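Here are the chains, one letter per residue:
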Amino acid sequence: MTSRRGMALGVLALAAFGLGQAQAQTEAAGLAPYQMVRSLQLVQDRIAGGDHAALPMQKKLLEMVDARFRNAGNDEFEDRRNFQAMMIYAMSGGNPSTIADLLSRMEIDDADRAAGAGVLGYLTGNVAQARDAMAGIDPDRYAPELAAFLALVKGSVVAGEDATAGMAMLDEARLAAPGTLVEEAALRRTIALASGAGEAEKFMSASEQYARRFLRSPYASQFAESFVSGMITLDRGKLDLRRIEQTVDWMTREQAHTVYLRLARKAAIDGDAELLAFATRHSTGDEETAPEEVDPRTELYSSISSVTSDTVENVLSRLDGLDATQLSSRDRALLTAARTVAAEVVAPVKTDAAAPLWLEDYPTEETAAPNQPLDEADELVASTRSRLEAIDKMLEETKR
């Protein structure tokens with residue numbers, strides 16, 4: 001006789017390969033809702049581990065679980081495992097209308113109703129409703145697998161008003177469900193919250209944990225976004241470049257290259273020489289990389305920091321040699337600005353023209369007679385000041 005677990009895995013297999021839709025629905029009808037949700041969690045754990053092929057499987061299972069819940073009788077929720085499964089399904093990408101319908105006809109206590117309202121508010125994007133409903137909810141009151149999801153939701157919605165409290169709740173979520181999508185999501189959200197709150201140690205710790213455990217997740221690109229944004233947002237004095245390097249070392253070569261390039265771009269625009277040198281050194285690759293293989297973005301960003309240096313002629317030559325077609329529209333604008341500034345810096349100073357109007361008060365009675373042209377040193381100071389102002393203005397415009 002087929003066991004319940006075997007039946008659940010059979011439904012999972014059918015869903016995975018898109019075969020036997022009628023048979024899958026028939027077998028699903030014979031499973032309790034909590035058994036269906038266990039299959040869903042199994043798939044989601046595979047996704048957290050980097051099995052991208054499980055994503056369409058998850059979609060199919062969500063549809064099947066939704067159909068099972070919509071057809072569930074009220075008496076089925078006398079089994080508390082089915083109520084808990086409904087809540088987990090809701091927080092796993094469930095259908096809000098199905099959850100709203102079930103909650104409206106369930107006979108549950110006030111705490112469960114508040115938890116349900118909080119989850120429904122979270123699903124529908126009503127953060128205020130979710131936060132108010134979850135305020136008095138203690139996730140530890142529930143079974144561990146449901147507690148983890150509730151802590152994840154509560155931490156996410158309270159973080160808007162109290163980042164520290166939000167991160168503490170997210171810590172509870174990930175500790176209650178190690179190796180799952182709950183932990184993966186909790187770490188990603190912690191990274192974003194920590195950078196916004198200026199907590200560099202929390203930011204680096206969560207980033208290191210994510211890099212070690214979840215870089216194969218289909219959501220890893222969101223981690224990379226938060227990681228780079230955090231390094232840019234946080235006070236540079238609080239960031240340990242060695243720890244950043246150790247975190248990025250867990251990434252694939254392509255992931256690491258992308259992170260270092262984005263960091264180099266921001267450092268170039270902000271004029272952070274140390275961070276720029278660090279990022280461009282790593283984004284260039286190994287010493288055996290041929291010149292033609294060097295990413296033009298790396299060349300652009302490293303050149304920007306030298307645009308007013310003594311080697312500006314060489315910098316201008318490098319900038320002129322870059323192929324703009326290989327750059328994004330934003331980087332093409334940055335290249336244009338850098339070329340313009342470099343060309344202005346190397347342009348000869350005009351010493352035979354009258355002082356510009358904005359400098360007409362620069363000469364004093366002690367330094368020059370009325371209507372007498374500025375001497376060469378004064379003209380050089382004025383020209384340099386003007387060019388630096390132009391640089392600042394152009395680089396500022398590229399940030400928009």
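Just so it is clear, the structure is predicted and the values come from calculations on it, not from any experiment.

### Here we look at the side chain of N82
Link 1 in the chain: Within the element layout of this structure, N82 appears in helix α5 (residues 80-90).
Link 2 in the chain: Taking the relative accessible area as the measure of exposure, N82 reaches 3% and is therefore buried.

### Overview of the nonpolar core
The nonpolar side chains of a soluble globular protein tend to be buried with one another.
Link 1 in the chain: Counting residues in hydrophobic clusters, the biggest one holds 99 residues, and the most contacted among them are F69, M86, M87, F203, F227, M231 and I244.
Link 2 in the chain: No other element matches the 9 residues that helix α15 (residues 253-270) contributes to this core.
Link 3 in the chain: Apart from residues no more than four positions distant in its own chain, I244 is found in contact with M204, F227, M231, L239 and F278.

### Points about the environment of E145
Link 1 in the chain: Secondary-structure assignment places E145 in helix α9 (residues 144-158).
Link 2 in the chain: Once the C-alpha coordinates of E145 and Q84 are considered, the two residues, 61 residues apart in sequence, prove to be 8.8 Å apart.
Link 3 in the chain: The contacts of E145, once residues within four sequence positions are left out, are Q41 and I88.
Link 4 in the chain: Separated by 3.5 Å, the side chains of E145 and Q41 make a polar contact.

### Some details on helix α8 (residues 127-134)
Link 1 in the chain: Those residues of α8 not exposed but buried are A130, R131, A133 and M134.
Link 2 in the chain: Contacts from the buried residues of α8 go to α7 (110-123) and α9.

### Some points on the packing of aromatic side chains
Link 1 in the chain: A full pass over the atoms with the stated rule returns 7 aromatic pairs.
Link 2 in the chain: The interplanar angle of 15° and the centroid separation of 6.2 Å between the aromatic rings of F69 and F77 together place this pair among those described as stacked. Taken as a pair, F69 and F77 share a single burial class, namely buried.
Link 3 in the chain: Through a chain of ring-to-ring contacts, the aromatic side chains of F203, Y210, F214, F223 and F227 assemble into a single cluster.

### With respect to the pattern of salt bridges
Link 1 in the chain: For the structure shown, the criterion picks out 20 salt bridges.
Link 2 in the chain: Linked by salt bridges that have partners in common, R80, D109, D112 and R141 make up one network.

### A closer look at the side chain of E208
Link 1 in the chain: Position of E208 relative to the elements: it lies in helix α12 (residues 200-213).
Link 2 in the chain: With a relative accessible area of 16%, E208 lands in the buried category.

### Brief notes about helix α6 (residues 96-105)
Link 1 in the chain: Those residues of α6 lying buried are T98, I99, L102 and L103. Take α6 and look down its axis: the buried residues cluster within an arc of 125°, on one side only.

### A short note on the confidence of the model for the protein chain
In low-pLDDT segments, the atomic positions of the prediction should not be examined closely.
Link 1 in the chain: Taken residue by residue, the protein chain gives an average pLDDT of 79. The fraction at 70 or more is 73%.
Link 2 in the chain: Ignoring residues within four places in sequence, the model shows residues 1-8, a span with pLDDT below 50, making 10 contacts including any to other chains.
Link 3 in the chain: Across residues 16-20, confidence stays below pLDDT 50; counting only partners more than four residues off in sequence or on other chains, it has 3 contacts.

### Concerning the packing of α12 against helix α13 (residues 220-233)
Link 1 in the chain: Contact pair α12 / α13: the axes reach a minimum separation of 11 Å and the direction vectors enclose 155°. Classified by the angle their axes make, α12 and α13 are roughly antiparallel. Between α12 and α13 lies a crossing of left-handed hand. Counting all contacts with α12, which are made through F203, S207, Y210 and A211, the residues of α13 involved are A220, F223, S226, F227, G230 and M231.
Link 2 in the chain: A per-class count over the contact of α12 with α13 returns 7 nonpolar, 3 polar and no charged.

### Thoughts on the packing of helix α11 (residues 181-196) against α12
Link 1 in the chain: Running from N to C, α11 and α12 cross one another at 150°; their axes reach a closest spacing of 8 Å. By the angle between their axes, α11 is roughly antiparallel relative to α12. Of the two elements, α11 crosses α12, and the hand of that crossing is left-handed. The segment α11 lies against α12, with E183, E184, L187, R188, T190, I191, A194 and S195 engaging K202, F203, A206, S207, Q209, Y210 and R213.

### A word on the environment of L234
Link 1 in the chain: Along the chain, L234 turns up in the loop between α13 and α14 (241-248).
Link 2 in the chain: You can call L234 buried: its relative accessible area is 4%.
Link 3 in the chain: Taking C-alpha positions, L234 is 9.2 Å from A194, a pair spaced 40 residues apart along the chain.
Link 4 in the chain: Not counting the four nearest positions on each side in its chain, L234 is found in contact with A194, S195, G198, E199, A200, F203 and L239.

### Examining the environment of L316
Link 1 in the chain: By the element assignment, L316 lies in helix α18 (residues 312-320).
Link 2 in the chain: Relative accessible area serves as the criterion here: at 16%, L316 is assigned to the buried category.
Link 3 in the chain: Remark: the alpha-carbon pair of L316 and T340, spanning 24 residues in sequence, is separated by 9.1 Å.

Criteria and thresholds
Residues numbered from 1 in each chain as written. Predicted model: local features only at pLDDT ≥ 70, side-chain atom pairs only at ≥ 80, totals over all residues. Heavy atoms only, no water. Helix = DSSP H or I, 4+ residues; strand = E, 2+ residues; numbered from the N terminus. Buried < 20%, exposed > 50% of the residue type's maximum accessible area, 1.4 Å probe, protein only. Core = buried A, V, L, I, M, F, W, Y, C linked by side-chain atoms within 4.5 Å. Contact = heavy atoms within 4.5 Å. Polar contact = N/O pair within 3.5 Å; in protein donor to acceptor, adjacent residues only side chain to side chain. Phe/Tyr/Trp six-rings, centres within 6.5 Å; stacked < 30°, edge-to-face > 60°. Salt bridge = Lys/Arg side-chain N within 4 Å of Asp/Glu carboxyl O. Arc of directions from axis to C-beta. pLDDT = per-residue confidence, 0-100. Axes fitted to C-alpha atoms, helices over the stretch in contact; angles between N-to-C directions. Parallel < 35°, antiparallel > 145°, perpendicular 65-115°, else oblique. Left-handed = near helix turned anticlockwise from the far one by under 90°. Nonpolar A, V, L, I, M, F, W, Y, C, P; charged D, E, K, R; others polar.

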